[in-house]
Structure formats: C-alpha cells, structure tokens
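Structural characterization, general
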Amino acid sequence: MINSEMYRLGSAPSSIRELFEYGRKLKKEIGDENVFDFSLGNPSTPPPQAVLSEMERILTESEPCALHGYSSAQGDLAARKAIAEDLSSRFGAKISPDKIYMTCGAAASLCITVRALVSGENNEFIVQAPFFPEYRVFTENNGGKLLVADADTENFELNIPAIEKLINERTQGIIINSPNNPSGVIYSERSLNELASLLTEKSKEYGHPIYIISDEPYRELTYGKRVPYIPDIYPDTVICYSYSKSLSLPGERIGYIALPNGVSDIDELYFAICGAGRSLGYVCAPTFMQKIVASCTGQVSDLTVYRKNRDNLYAALTVMGYSCVVPDGAFYLFVKAPGGDAVKFSEKAKELGLLLVPGDPFGCPGYLRVSYCVSEETVRRSLPAFGRAIDLFQ
Ligand code: PLP
C-alpha cells in the first residue's frame, strides 16, 4: 500500500508550479517574447559578485573530500558563528552559535520547527492570510493543524482580532512572514507590538509559550522601509531564514533556524530541533554553501531590477485601473482581481500570455499575485497585455 496523502501531494502540483509549467509550454508554441510569466518567485538578479568569487576561490583552494563531505548534523561552527555575529552587528541580537541549526532553506527550517513544537494535544499553528500556500503542507504533514486568520484586505497588515479568535490552549505557534509573500507588506512595529501583547497574555493564560515562527526569506528585500527585528518585540520568536532570495541561491538549498537568547525552554527546543532535523533527514546542510555563508554574511543581491519593476508595474497598473497596496518589500504585487473572480481573470489572462497566480491558495480569493522577479524588458512588454486583460472585465 502507498501513502495516499503523499500520493496526493506528489501527483497534484501546486497551482503556482502548474502555471509555470504551462508558461514553459506556451513559450515553445508562441515564443519566449510573447509570454509574460509572473508566476514563480525565482530570483531574476544573480548572486552578488562577492559570493560568485568566493565560490570560485573555495572550489579551487579547498581539499575536495572536506569540501564535499558531511558537516556536523547541525552545521559547521564557522557558519553558525558568522550568522550569530552578523545578526548581532545588524540588530544587536543576542544569539549563541550553539542555538543555530543550518538547513536546506526556509522550507526545511519551517518543517523542522513545526515538528519540534508539536506536542501531545498542543498542535495548532495559526497563519495570517494571505500566506505562502506551502505552510499548509509543512504543517499538516508534520503533525500540526493549520488555522487561517482572515486577511485585513484594507492594508494586508496583521489582523489581531482575527488571530485572537483562533488562539486556544492547543495553539503552539503563529507563523508570520514579513516582508510578505504575496502582499509585499512589511508588518508595522505597531501591529507586531499588538501581536506580542496578545501572545504574552495568551501564553500566560494557557500556561505554555506560544511561539512566533518568523519566516524571513525576504528580510533583506526592502525598498526603503525598515523590517522590525521581531525577537526585540517578542522574545519567544524562532527565526526561520533562507538565502534563497537574499543571495539569489534558491537552487543551492541553504538557510538556518536561530533561537535568540530570550526564547523559552531554549535548550529543550534546540534539542527538539536537532531531533526533528534528524527524523526528517534534514541534517548536514550542504557543506560548500555553509562555507559561502561563513564568509559572505551581510551580502545581498543587487535589488535594482526589483525596485524598478515594482515602481514601473505599480505606476502602470494603477493608471490602468488595477488596485493594490504599495509593496515595501519582497518581489510581489497583490492585485485585486478586476471583476472579483481571480481564477476566471487568471484563465483569461493566460490567453493573452500573461501568467498571474490567483490568491485562492494564499487564503485570499479575489486577488492575483504578480511575481515581478523578471527582467525589466518583460515588465515593459507585458503592459499592453495587462491593459487588454482589464478591458475584458470592465
Ligand atoms: N517561505 C516563503 C514565504 C517563501 O516565499 C518561500 C519560497 O518562495 C519559502 C518559504 C521557501 O523558501 P526556500 O526556497 O528557501 O525553501
């Protein structure tokens, strides 16, 4: 017998992947230049030159068995030390290298954290809509239950009353993601403070900590606005980080989990993270990439193209009659679907070679995600198609 749930997950690709594959086929039929693929969050700016040069140096100078061998299960001390120093110099963070666990990207960081926290009856995790759809897969397949707080469609901020309604004695954590995929919003210090007060009160009421699981792959992708450092606001914060976007290395699968000094039950939680990593087979993150991290913390890919795409798309789409909040970070616009039905709009847009992801799996029907990590040329050439698409619904 085969696990039917795993079969379901493996045989039904996500709607984002499905659209991306459709785009690949369409490009073969009508030419690359006629397809405007805004489906995937794959960086369109290369890794920083310092990272590329360091890759060459390390490849040339390292002893191959060591470079391509196993690291310790939780990751090399050099990488963990460099991360702790970087977080300390940028945010004044107090994090011991002994409380950092190297992972294969944010997906692994999240799966491990959920599995480490699920305990007896305490297995519920809350997420704020709109949210990265894979959170459901990561949570539900690691023993957790995912509850979705309604979106604040006015500002796409944290919706504290909606979150409060979902908290109960079974709540183990809330997953937040800022800058946010898909809205591009950076949660304000004010709303994070409100969340912190709520969680402090509820943790006391239920007699156990309710952790914030802060999914931060877009932390460095901002266009002027500061991203609050969440452990300063709420000490029970587990940081789940990835270099997929900040260093444009999604294919290299490298990230980490960090437990800042103020986290409750920190020693037990760290061992549980090591145990969850072991049980999932997420040990010894790629050694080569850990060496890159050790010498390149603080580097960020050139964000110029993202900023230009954001500005150009936002300006052009709002003139055409589309509406969306100004995204301060990440590389997404979350646009209200003209006509109200995002699935219908996405299907019509496909006929124009325009690939936009409906907001339904993000917990926000009626919206469309536009991933603008594409070339400036693609944005420029796509504008007439955006214009024709909205005309069909007016
Ligand atoms: N979390 C969010 C919000 C994302 O957008 C992504 C990828 O797009 C991930 C997690 C997964 O990141 P990684 O590729 O590092 O596993």
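Residue positions within a chain follow its written sequence, with the count starting from 1. Only residues with pLDDT of at least 70 get local features here, since the model is predicted, and only at 80 or more are side-chain atom pairs given and counted; chain-wide, interface and lining totals rely on the full set of residues. Side-chain numbers come from the whole structure's heavy atoms, not from hydrogens or water.

Some thoughts on the sheet that holds strand β11 (residues 357–358)
A pair of strands is considered paired only if DSSP assigns at least 2 bridges between the two. A helix here means a DSSP run of H or I that spans at least four residues, while a strand means a run of E at least two residues long, and both kinds are numbered starting from the N terminus. An order of β9-β12-β11 is seen for the three strands of this open sheet, with the pairing classed as antiparallel. Lying at the two open borders of the sheet, with one neighbouring strand each, are β9 (332–336) and β11. In this sheet, strand β12 (residues 367–371) lies alongside β9 in antiparallel orientation, the contact comprising five bridges. When the sheet's bridge partners are listed, Lys 336 is paired in β12 with Tyr 367.

Focus: the pattern of salt bridges
The salt bridge definition used is simple: a Lys or Arg side-chain nitrogen within 4 Å of an Asp or Glu carboxyl oxygen. Throughout the structure, instances matching the rule amount to 21 salt bridges. The closest approach of N and O atoms between Arg 90 and Glu 220, which form a salt bridge, is 2.6 Å. Remark: Glu 220 occurs in the loop between β6 (211–215) and α10 (230–233) and Arg 90 occurs in helix α5 (residues 77–91); sequence separation between them is 130 residues. Each residue is placed in one exposure class: buried if its accessible area under a 1.4 Å probe, protein chains only, is under 20% of its type's maximum, exposed if it is over 50%, and partly exposed if it falls in between. Taking relative accessible area as the criterion, Arg 90 reaches 36% and is therefore assigned partly exposed. Among the residues examined, Glu 220 registers a relative accessible area of 12% and is labelled buried. Residues Lys 202 and Glu 205 are paired through a salt bridge, measuring 3.5 Å at the closest nitrogen-oxygen approach. Taken together, the positions of Lys 202 and Glu 205, both in helix α9 (residues 189–206) and three residues apart, correspond to about one turn of that helix. Ionic contacts of the salt-bridge type, sharing partners, join the residues Asp 86, Arg 90, Glu 216, Arg 219 and Glu 220 into one network.

Quick notes on the site of the ligand
Distances are taken per atom, and a residue is near a molecule or strand as soon as one of its heavy atoms is within 4 Å of it. For the ligand, the set of nearby residues contains 14 residues, the closest of which are Asp 215, Tyr 218, Ser 242, Ser 244 and Arg 253. Separating an oxygen atom of the ligand from a side-chain N or O atom of Ser 244 is a distance of 2.8 Å. The separation between an oxygen atom of the ligand and a polar side-chain atom of Arg 253 is 2.8 Å. The Shrake-Rupley method, run with a 1.4 Å probe, gives the accessible areas here. Residue values count only the displayed protein chains as cover. In the complex, the protein chains occlude 91% of the 390 Å² of accessible area that the ligand would expose alone. As used in this structure description, the phrase polar contact means that two N or O atoms lie within 3.5 Å; if the pair is within protein, one of them must be able to donate a hydrogen and the other to accept it, and residues adjacent in sequence are counted only when both atoms belong to side chains.

Observations concerning helix α12 (residues 287–296)
Taking burial as the measure, the ten residues of α12 include seven buried ones, the bulk of the element. Listed in full, the buried residues belonging to α12 are Thr 287, Phe 288, Met 289, Gln 290, Ile 292, Val 293 and Cys 296. In this fold, the buried residues of α12 make contact with α3 (49–61), α4 (64–67), α5 and β2 (100–103). Phi turns positive one or two residues past the end of α12, at Gly 298, with a value near 95°. Contacts between residues were defined by any pair of non-hydrogen atoms, one from each residue, lying within 4.5 Å.

Considerations on the packing of helix α6 (residues 105–117) against helix α11 (residues 266–280)
Relative orientation and spacing of two packed helices are given, respectively, by the angle between their axes and the distance between those axes. Simply put, an axis is a line fit to the C-alpha atoms, just over the touching stretch for a helix, and the angle between two N-to-C directions goes from 0 to 180 degrees. Viewed as axis vectors pointing N to C, α6 and α11 meet at an angle of 120°, and their least axial separation amounts to 8 Å. The hand of the α6/α11 crossing is right-handed. Contacts between α6 and α11 involve Cys 111, Ile 112, Arg 115, Ala 116 and Leu 117 on the former and, on the latter, Leu 269, Ala 272, Ile 273, Ala 276, Gly 277, Ser 279 and Leu 280. Note that Gly is not counted as nonpolar here; it falls among the polar residues with everything else outside the nonpolar set of Ala, Val, Leu, Ile, Met, Phe, Trp, Tyr, Cys and Pro and the charged set of Asp, Glu, Lys and Arg. Taken together, the residues of the contact of α6 with α11 sort by class into nine nonpolar, two polar and one charged. Crossings are sorted by hand: turned counterclockwise from the far helix by less than a right angle, the near helix makes the crossing left-handed, and turned clockwise it makes it right-handed.

Regarding the sheet that holds strand β5 (residues 171–177)
Strand order across the open sheet formed by seven strands is β2-β8-β7-β6-β5-β3-β4, with mixed pairing between neighbours. The open sheet has two free edges, formed respectively by β2 and β4 (145–149), since each of these has just one partner strand. Geometrically, the sheet is characterised by an average inter-axis angle of 20° between neighbouring strands, direction not taken into account. The sheet contact formed by β2 and strand β8 (residues 255–258) spans four bridges and is antiparallel. Its bridge partner lying in β8, Met 102 is registered against Tyr 256.

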